[in-house]
Amino acid sequence: MTETAASRGLIGALEQIADDAGEDGMSLGDFVDALGERAFGIILFAMALPVSIPFLYGVPQVMALPMMALSVQMVMGRGEPWLPARFKASRLDKAGLVRMAQGGRKWFGWLEALARPRLTALSGPTAERVVGAIFVVFCTSILIPLPATNTTPGIALAIAALGLLTRDGLLVIGGLILGLVWIALLLVFGHTVIDVIKSFLQSVF
């Protein structure tokens, strides 16, 4: 991020991007450029936010494949993230950007405030490849066209990505455990788990 964005914090920067977006929103490429930092953690965290928001349709589907592409690049050990032109051309509407920033503040603002460097080996280059491989699994779950399959892995990915960004190994571990437990439940119990979580989310929201 730029110095100004860094002073606001990551979520503050997302709020500014949403405020500055035109009425027709912006392309995914412009969104990534607006983040101002070429690091996997910040881009994946930002992309995971709308995926984490229950019943926000459209934006998660736009984000899922680019997130998977970035995760594969992590596994490959690329030093800088890259997105194909067709992904960059995808549009994010202004309402989705606003909800992304609001959801980030509501659900992850406190976590960003608590994040700090610890267990830094878990956010290093070697660990990043392992984390990237697990992120691919999370993105696969997000792509499953069933209700509630995006929210939990999206939250897990956002937490772990925030851990990579802040070099907080505890957040990396916490995000990975949450996502892997979800995947295990999905594989074992399938539709039963989805129905229970969907009913719970509907009662909350």
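Okay, so let's go over this structure. Throughout, a residue's number is its position along its own chain's written sequence, starting from 1. Side-chain atom pairs in this predicted model are given and counted only at pLDDT of 80 or more, local residue features only at pLDDT of at least 70, and totals for whole chains, interfaces and linings cover all residues. With hydrogens and water stripped out, all remaining heavy atoms of the structure feed into the side-chain values.

What follows deals with a nonpolar patch on the surface. The patches described consist of residues with a relative accessible area above 30% and no salt bridge, like charges being joined within 9 Å and nonpolar side chains (Val, Leu, Ile, Met, Phe, Trp, Tyr) within 5 Å. Method for areas: the Shrake-Rupley scheme with a 1.4 Å probe, in which residue coverage is limited to the protein chains shown. Any Lys or Arg side-chain nitrogen located within 4 Å of an Asp or Glu carboxyl oxygen qualifies as a salt bridge. On the surface, Leu119, Leu170, Ile173, Ile177, Val181, Leu185, Leu187, Val188 and Phe189 cluster together to form a nonpolar patch covering roughly 860 Å² of accessible area. Only DSSP runs of H or I with at least four residues qualify as helices, and only runs of E with at least two residues qualify as strands; both kinds are numbered from the N terminus onward. Secondary-structure assignment places Phe189 in helix H10 (residues 169-189).

Any pair of Phe, Tyr and Trp rings, taking the six-membered ring for Trp, is counted once the centres come within 6.5 Å. Such a pair is stacked with planes under 30 degrees apart, edge-to-face with planes over 60 apart, and tilted for the rest. Tallied over the full model, the rule gives two aromatic pairs. On the basis of an interplanar angle of 80° and a centroid distance of 5.8 Å, the ring pair of Phe45 and Phe108 is categorised as edge-to-face. With a gap of 63 residues between them, Phe45 in helix H4 (residues 40-52) and Phe108 in helix H7 (residues 94-114) connect regions that are remote in the sequence. Working definition: with a 1.4 Å probe on protein chains only, accessible area under 20% of the residue-type maximum means buried, over 50% means exposed, and in between means partly exposed. The exposure class of Phe45 is buried, given its relative accessible area of 1%. Relative to Phe138, the ring of Phe135 has its centre 6.2 Å away and its plane inclined at 40°; by these criteria the two rings are tilted.

Taking 1.5 Å of rise per residue, 21 residues should cover 30 Å, and H7 covers 29 Å from first to last C-alpha, within 8% of that figure. Where H7 bends most, the angle comes to about 60°, and this point is Phe108. Among the residues making up H7, those that are buried are Lys94, Gly96, Leu97, Met100, Ala101, Gly103, Gly104, Phe108, Gly109 and Leu111. Two N or O atoms form a polar contact when they lie within 3.5 Å of each other; inside protein one atom must be a possible hydrogen donor and the other a possible acceptor, and for residues adjacent in sequence the pair counts only when both atoms belong to side chains. One side-chain oxygen at the N-terminal end of H7 lies 3.2 Å from the backbone nitrogen of Ala95; it belongs to Asp93. For a helix, the expected span equals 1.5 Å multiplied by the residue count minus one. The seven residues ending at a residue and the seven starting there each receive a fitted axis; the angle between those axes is the bend at that residue.

Under the criterion given, the structure shown has three salt bridges. In this structure, Arg91 engages Asp24 in a salt bridge whose closest nitrogen and oxygen atoms are separated by 3.6 Å. Remark: Asp24 occurs in the loop between helix H2 (10-20) and strand S1 (26-27) and Arg91 occurs in strand S2 (residues 91-92); sequence separation between them is 67 residues. For Asp24, a relative accessible area of 57% gives the class exposed.

Let's shift gears to the side chain of Thr152. Topologically, Thr152 is positioned in helix H9 (residues 151-166). Residue class for Thr152 comes out buried when judged on its relative accessible area of 15%. Whether two residues are in contact is decided by their heavy atoms, any of which lying within 4.5 Å being enough. Ignoring any residue separated from it by four or fewer positions in sequence, one finds Thr152 in contact with Leu178 and Trp182.

Contact pair helix H8 (residues 125-143) / H10: the axes reach a minimum separation of 10 Å and the direction vectors enclose 40°. Classified by the interaxial angle, the pair formed by H8 and H10 is oblique. For the pair H8 and H10, the sense of crossing is left-handed. Contacts from Val131, Ile134, Phe135, Val137, Phe138 and Ser141 in H8 reach Val172, Gly175, Leu176, Gly179, Leu180, Trp182, Ile183 and Leu186 in H10. When its residues are assigned to classes, the contact of H8 with H10 shows eleven nonpolar, three polar and no charged. Lines fitted to C-alpha atoms define the axes here, with helix axes fitted over just the stretch in contact, and angles between the N-to-C directions of these axes take values from 0 to 180 degrees. Angular relationships are summarised with four words: roughly parallel below 35 degrees, roughly antiparallel beyond 145, roughly perpendicular across 65 to 115, and oblique for the angles in between. In a left-handed crossing the near helix is turned counterclockwise from the far helix by less than a right angle, and in a right-handed crossing that turn is clockwise. Each residue is assigned to one of three groups, with Ala, Val, Leu, Ile, Met, Phe, Trp, Tyr, Cys and Pro labelled nonpolar, Asp, Glu, Lys and Arg labelled charged, and all others, Gly among them, labelled polar.

A few words on the nonpolar core. Residues grouped as a nonpolar core are buried Ala, Val, Leu, Ile, Met, Phe, Trp, Tyr and Cys residues, joined through side-chain atoms within 4.5 Å. Of all hydrophobic cores here, the largest spans 56 residues; its most connected members are Phe31, Leu44, Phe45, Met47, Met67, Phe135 and Leu157. Of all the elements in the fold, those that place two or more residues in this core are H2, helix H3 (28-35), H4, helix H5 (59-76), H7, H8, H9 and H10. Tallying contributions element by element places H4 first for this core, with ten residues. Setting aside anything within four residues of it in sequence, one finds Met47 in contact with Leu28, Val32, Met63, Pro66, Met67, Leu70 and Leu83.

One non-glycine residue, Leu119, adopts positive backbone phi at about 45°. Structurally, Leu119 can be placed in the loop between H7 and H8. On the basis of relative accessible area, Leu119 is assigned to the partly exposed category, the value being 46%. Phi angles above zero are rare outside glycine, and Arg167 is one such case at about 60°. Inspection of the secondary structure puts Arg167 in the loop between H9 and H10.

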